[in-house]
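Here are the chains, one letter per residue:
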Amino acid sequence: LVHPAGIATVAAQCTHIAVPEDFARPQGRRIELFVARVPAISARKAADPLFILAGGPGAAASEFYAGVAPAFARVNRDRDIILVDQRGTGLSNALRCAFDDEAMLAAGEGEIEALTRRCLAEVSTHANPALYTTSAAVRDLDDVRRALGYERIDLYGVSYGTRVAQHYLRHH
């Protein structure tokens, strides 16, 4: 894992887990969720890993963790740390469009609307943005939990990640 600014790296075991983009149509388009596991240091690690949920919405857990890993060093001694780039972020079918930030600050309402429509058309080539919700992200998390073989998990959320954690707890 590499910090977006290139200031830190973290060794991790990385994979992709396929999930339905639309849970109502499980045979339809599938998306790949990027998942990283930072293995516990202890050979007698706890059975329940720590899933770290990034903020935003829109932040990728893998990018967030690369900058804050030292803060989790004690936890990582005894627990695996699991990072899931929530659908639409990071390496999980990202919903990203290139904008010139300076031009956006000076743009009028019509220009912003046109750029927004262009961005929607661009991301719609590989995603249905209406399906990139907190509820879908929570379902994805539980699919990842099952795929990795964990019975129980611990959650740590930052900013919007706290809402995802609460939603997960209500449903699972």
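Everything in this summary refers to the structure shown in the same document. Because the structure is a prediction, the values reported are computed rather than measured. (Residues numbered from 1 in each chain as written. Predicted model: local features only at pLDDT ≥ 70, side-chain atom pairs only at ≥ 80, totals over all residues. Heavy atoms only, no water.)

1. Considerations on the nonpolar core
Soluble globular proteins tend to bury their nonpolar side chains together. Val-35, Phe-51, Ile-82, Val-84, Leu-141, Val-144 and Val-164 are the most contacted members of the largest nonpolar core, which has 21 residues in total. Of all the secondary-structure elements, those providing two or more residues to this core are strand S1 (13-20), strand S2 (30-38), strand S3 (50-53), strand S4 (81-84), helix H5 (134-148) and helix H6 (160-171). Ranked by residue count, the leading element in this core is H6, at four residues. Beyond its immediate stretch of four places on either side in the chain, Val-144 contacts Ile-17, Leu-33, Val-35, Phe-51 and Val-84. Counting 14 residues, the second largest nonpolar core, distinct from the first, contains Ala-54, Ala-61, Ala-69 and Ile-81. (Core = buried A, V, L, I, M, F, W, Y, C linked by side-chain atoms within 4.5 Å. Buried < 20%, exposed > 50% of the residue type's maximum accessible area, 1.4 Å probe, protein only. Helix = DSSP H or I, 4+ residues; strand = E, 2+ residues; numbered from the N terminus. Contact = heavy atoms within 4.5 Å.)

2. Some points on the sheet that holds S2
As summarised here, the arrangement of the five strands in space is S1-S2-S4-S3-S5, forming an open sheet in which the pairing is mixed. At either margin of the open sheet sits one strand with a lone partner, and together these are S1 and strand S5 (154-157). Between one strand axis and the next, the sheet turns through 30° on average, direction left out of account. Direction of pairing for S2 relative to S4: antiparallel, over a ladder of four bridges. (Pairing = 2+ DSSP bridges. Axes fitted to C-alpha atoms, helices over the stretch in contact; angles between N-to-C directions.)

3. Some points on unusual backbone geometry
A negative phi angle characterises most non-glycine residues, just as the trans form characterises most peptide bonds. Of the consecutive residues Gly-56 and Pro-57, the connecting peptide bond is found in the cis state with omega at 0°. Checked against the element boundaries, Pro-57 lands in the loop between S3 and helix H1 (61-68). The phi angle at Asn-93 is positive, at roughly 50°, despite the residue not being glycine. Within the fold, Asn-93 resides in the loop between S4 and helix H3 (101-106).

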